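Okay, here's what each chain looks like letter by letter:
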Amino acid sequence: MAPRRDYYEILGVDRSATQDTIKRAFRRLARRYHPDVNPDDPESEALFKEMAEAYAVLGDPGRRAQYDRYGQARPGPVMAGDIWEELAGFGDLFEAFFGTTRGGRRARPRRGSDLRYDVQITLEEVAAGTQRVITADRLQTCASCGGTGSKSQKGRQPCAGCQGTGQTHYTTATPFGRLSTATICETCRGQGTVVTDPCPECEGQGRRVGQGKMTVTIPPGVEDGVSLRLEGEGEAGETGAPPGDLYVFVHVQPHEIFERRGRDLYCEIPVAFPTAALGGTVPIPALGGADELSIPAGTQSGAVFTVARKGLPDVRTGVPGHQYVRVRVVTPKKLTARQRELLAEFAGEGGDQIEDEKGWIERVREALIGDD
Ligand SMILES: [Zn+2]
Ligand SMILES: [Zn+2]
């Protein structure tokens, strides 16, 4: 026989744990391993018996003190009755599991599954908002029987196997006496009702796989990665249960020109160096079109201009962000003979001198030479 595990270890509590902590630990474990929750699982059943035994001792201050004194030795006969009384108080627990009261513990028909669908949209669509028609295979309410699952429309009838209670009882012998346990009725899967004249289209399920067509409206300003919930557009539930929801995950494709940061758009434009020096109007990209930007004389490479309210709308308020345009001054690579002549003349006029606005050149020179 395997060595007996320590009762405290079984319940996962300290030796100094209060009675209340022990009780809570046991209830938590029982909730997980109770035979009703794990039908036909011998391992859970064995664990459950083990923890019931541990709790029978540690849950009682007198027996616990005795156990503490004599250690691993098994204490005298344990009155099992107390444990099962304790367990009988788990009605609320079973309600949580099976959705019915203790008097008539029946499984509620299950809600339909949620579905996920992914859509890709462009930045232009983010700006204006868009719609998508989604087609997806899903379990839908059977059109022939209207979801009752029954051909004659009389719907579900009380189950003969369990007299409509949804459960059957069996008794097991345990070290502490006979334990009567309820298990889910296999005929009706715990629902207490069955379809006696199944609809041929859905075989009594009340739902069948079909192609669903849903239109999803994607609001302007939506962020990449958000999900939109379409209530009731998931799979149909079991007879009498509500459908699941459809979650549409929106993915915004990267744009070849614009980078998005929240509501704001960023782009870079090349500007010929005479234009940067003299100032002028340059074409700039806009979402879904083109625009113009006036730049002043003496514009430096890297300068950023704000085009107010040309960003994306805020998804809640609709207030647009801004568009930021960064200038990159381009140095010509190929010069004609005449251009070279003109540039040389320009340099001769002092055009090769850099305006040392912030004493930058001076600082670089100091850094190179050292300032001794
Ligand atoms: Zn049907
Ligand atoms: Zn039944």
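Above this text sits the structure in question.
Just so you know, these numbers come straight off a predicted model, no measurement behind them.

### Regarding the coordination of the zinc ion (ligand 2)
Around the zinc ion (ligand 2), the protein contributes the donor atoms Cys159 (SG), Cys162 (SG), Cys185 (SG) and Cys188 (SG), which lie 2.2 to 2.3 Å from the metal centre. Spacing between the donor residues of the zinc ion (ligand 2) along the chain follows C-x2-C-x22-C-x2-C. Here the residue cysteine 162 occupies a position in the loop between strand S3 (156-158) and strand S4 (167-174), and cysteine 188 occupies one in the loop between strand S5 (177-184) and strand S6 (193-195), the gap between them amounting to 26 residues.

### Let's talk about the environment of tyrosine 7
Counting through the fold element by element, tyrosine 7 comes out in helix H1 (residues 7-11). Taking C-alpha positions, tyrosine 7 is 7.7 Å from methionine 51, a pair spaced 44 residues apart along the chain.

### Concerning unusual backbone geometry
For glutamate 203, which is not a glycine, the phi torsion comes out positive at approximately 55°. Looking at where glutamate 203 falls in the secondary structure, it is placed in the loop between S6 and strand S7 (207-218). On the accessibility criterion, glutamate 203 (65% relative accessible area) is exposed. Phi at arginine 309 is positive, roughly 60°, even though this residue is not glycine.

### Brief notes about the nonpolar core
Judged by nonpolar contacts, the single largest core of 32 residues is most densely connected at Ile121, Ile218, Val248 and Leu293. Formed jointly, this core draws a minimum of three residues from each of two domains, domain 2 (115-252) and domain 3 (259-369). Excluding anything up to four places from it in sequence, valine 248 contacts Tyr117, Val119, Ile134, Val216, Val226, Ser227, Leu228 and Leu230. In this structure, Ala17, Ala25, Phe26 and Tyr33 belong to the second largest nonpolar core, which totals 19 residues.

### Digging into the environment of threonine 18
With respect to the helices and strands, the residue threonine 18 is situated in the loop between H1 and helix H2 (19-33). Measuring from C-alpha to C-alpha, the distance between threonine 18 and glycine 59 comes to 9.7 Å, with 41 residues separating the pair along the chain. A polar contact of 2.7 Å, which involves the side chain of threonine 18, links it to the side chain of threonine 21.

### Side note on the coordination of the zinc ion (ligand 1)
Coordination sphere of the zinc ion (ligand 1), protein contribution only: Cys142 (SG), Cys145 (SG), Cys199 (SG) and Cys202 (SG), at 2.3 Å. Counting gaps between the donor residues of the zinc ion (ligand 1) yields the pattern C-x2-C-x53-C-x2-C. A residue pair is termed long-range when its members are at least 10 positions apart, and cysteine 142 in the loop between strand S2 (130-141) and S3 and cysteine 199 in the loop between S6 and S7 qualify at 57 residues.

### Notes on the pairing of strand S14 (residues 304-307)
Because side chains alternate across S14, one face comprises the buried residues Phe305 and Val307, and the other comprises Val304 and Thr306, none of which is buried. As paired elements, S14 and strand S15 (residues 323-330) share four bridges and run antiparallel to each other. Looking at the pairing, phenylalanine 305 lines up with valine 325 of S15.

Criteria and thresholds
- Residues numbered from 1 in each chain as written.
- Chains lettered and ligands numbered in written order.
- Predicted model: local features only at pLDDT ≥ 70, side-chain atom pairs only at ≥ 80, totals over all residues.
- Heavy atoms only, no water.
- Donors = N, O, S within 2.8 Å, 3.2 Å for Na, K, Ca; no water.
- Helix = DSSP H or I, 4+ residues; strand = E, 2+ residues; numbered from the N terminus.
- Buried < 20%, exposed > 50% of the residue type's maximum accessible area, 1.4 Å probe, protein only.
- Core = buried A, V, L, I, M, F, W, Y, C linked by side-chain atoms within 4.5 Å.
- Domains from an automatic or database assignment.
- Contact = heavy atoms within 4.5 Å.
- Polar contact = N/O pair within 3.5 Å; in protein donor to acceptor, adjacent residues only side chain to side chain.
- Pairing = 2+ DSSP bridges.

These figures capture arrangement, not role.
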